[in-house]
Amino acid sequence: MNRRSSQQGLTLIELLISMAIGLLLAAAASYLFVSTNRISKTLEGKAQQQETAAIVLDVIGRDLKNAGFYPADFPTSAASSKFQGAYANVVAAAKPAFNQGIFGCSGGLFDVKTGDCPAPVATEPDSLVVNYFSADNFSIDGVGTRKDCLGQNVEAADFGGFKYNAARAGSASASTDTVDLPLFISNVYGLGDEVTYQLDNKQSVTTRTFRCAGNGPNTEPYQPLVAGISQLRFRYGAAEATTLESPARFYTATEVSALASADINGEMKTGWQRVSAVEVCVVTKTIDSSVRQTAAGSYTDCDGVKVDFTGADRAIYRQQTRVFGVRNNLTKTYK
């Protein structure tokens, strides 16, 4: 007697259905992988943006606490109860950029060789100049340091052939030597021109870089610190006449330069000497071209303008703003 085998093969229809289900599962898994990878890259790009903005704001903020700083001359006897803040322009009397701890340029990069601002261009980033003196006797890192923003010693600082720190340094030739007088330090912050970078993954990105120029010896003063910046704006809080030094409103650099001198807390001060706070706005962009916004996306820049994404550039942009107080600005004798 013949018996039907208990094992039967799949029919053609069953095989096709199994293959279709397998393909659907594979497609779902692939879609899930691609989506997860895209989300991961987006989160990584945004984290990189946050870190880039933090670097810019922290670097500028740390330096702003020194603006206008000069080590106080403390009294040597009980009979003398005053100490003197002796900040002064030791670079060039004709250059107002060095008359106080804060100076800036609207829509242009400060020229460290001439000490002037270029003609402002509305679409160009701003730049900031921070001036102060060293504080060798205090030995506190980050406060009145003798090095500029690039870590260079400033004993041989030069402007137009005049080495204004040479006599102040005396016989000091290294950062560990004792100077005769505090040394003048001037740091400038701004953005470089747009540059196209080749990334490790063979992609390219066009972006600006956050740069700093110190007054230490350097043939190329503006050195890049971090890439992925598209806009940098500064606004300056200046006190009004007959008021205390709290800022009444915020101005552009061009507006501050046009302000008349005013009596602030019993002392006549120029527009830039009236600045007691600085608002810093930075717009960062993702530098991974695979991290993209939708075509209908937009962002608001530092000028308050809504910018729509284009098909050619749909990188993720983010604006961040922070306000810093200018604390060190001793300009007269205090009891």
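Residues numbered from 1 in each chain as written. Predicted model: local features only at pLDDT ≥ 70, side-chain atom pairs only at ≥ 80, totals over all residues. Heavy atoms only, no water.

Caption draft 1: Seen up close, the pairing of strand E7 (residues 222-238). The pairing of E7 with strand E11 (residues 275-285) spans nine bridges and is antiparallel. Each residue of the ladder has a partner; that of Gly 237, found in E11, is Ala 277. Where E7 meets strand E8 (residues 249-251), three bridges bridge the pair, whose relative direction is antiparallel. Bridge assignment links Ala 238 to a residue of E8, and that residue is Arg 249. (Pairing = 2+ DSSP bridges. Helix = DSSP H or I, 4+ residues; strand = E, 2+ residues; numbered from the N terminus.)

Caption draft 2: The side chain of Gln 100, seen in detail. Tracing the backbone through its elements, the reader meets Gln 100 in the loop between strand E1 (83-84) and strand E2 (102-105). A distance of 3.0 Å separates a polar side-chain atom of Gln 100 from the backbone oxygen of Pro 96. (Polar contact = N/O pair within 3.5 Å; in protein donor to acceptor, adjacent residues only side chain to side chain.)

Caption draft 3: A look at the nonpolar core. Residues Ile 60, Ile 102, Phe 110, Phe 210, Tyr 236 and Val 278 are the most contacted members of the largest nonpolar core, which totals 57 residues. Per element, the largest residue contribution to this core is seven residues, and it comes from E7. Listed in part, the seven residues of the second largest apolar core include Cys 302, Phe 309, Ala 315 and Tyr 317. (Core = buried A, V, L, I, M, F, W, Y, C linked by side-chain atoms within 4.5 Å. Buried < 20%, exposed > 50% of the residue type's maximum accessible area, 1.4 Å probe, protein only.)

Caption draft 4: Broad picture of a nonpolar patch on the surface. A cluster of nonpolar side chains, namely Leu 12, Leu 15, Leu 16 and Met 19, defines an oily patch on the protein surface of about 410 Å² accessible area. Following the sequence through the fold, Leu 12 ends up in helix H1 (residues 12-64). Given a relative accessible area of 61%, Leu 12 falls into the exposed group. (Patch = residues over 30% accessible without salt bridge, like charges linked within 9 Å, V, L, I, M, F, W, Y side chains within 5 Å. Areas by Shrake-Rupley, 256 points an atom, 1.4 Å probe, with all protein chains shown as cover. Salt bridge = Lys/Arg side-chain N within 4 Å of Asp/Glu carboxyl O.)

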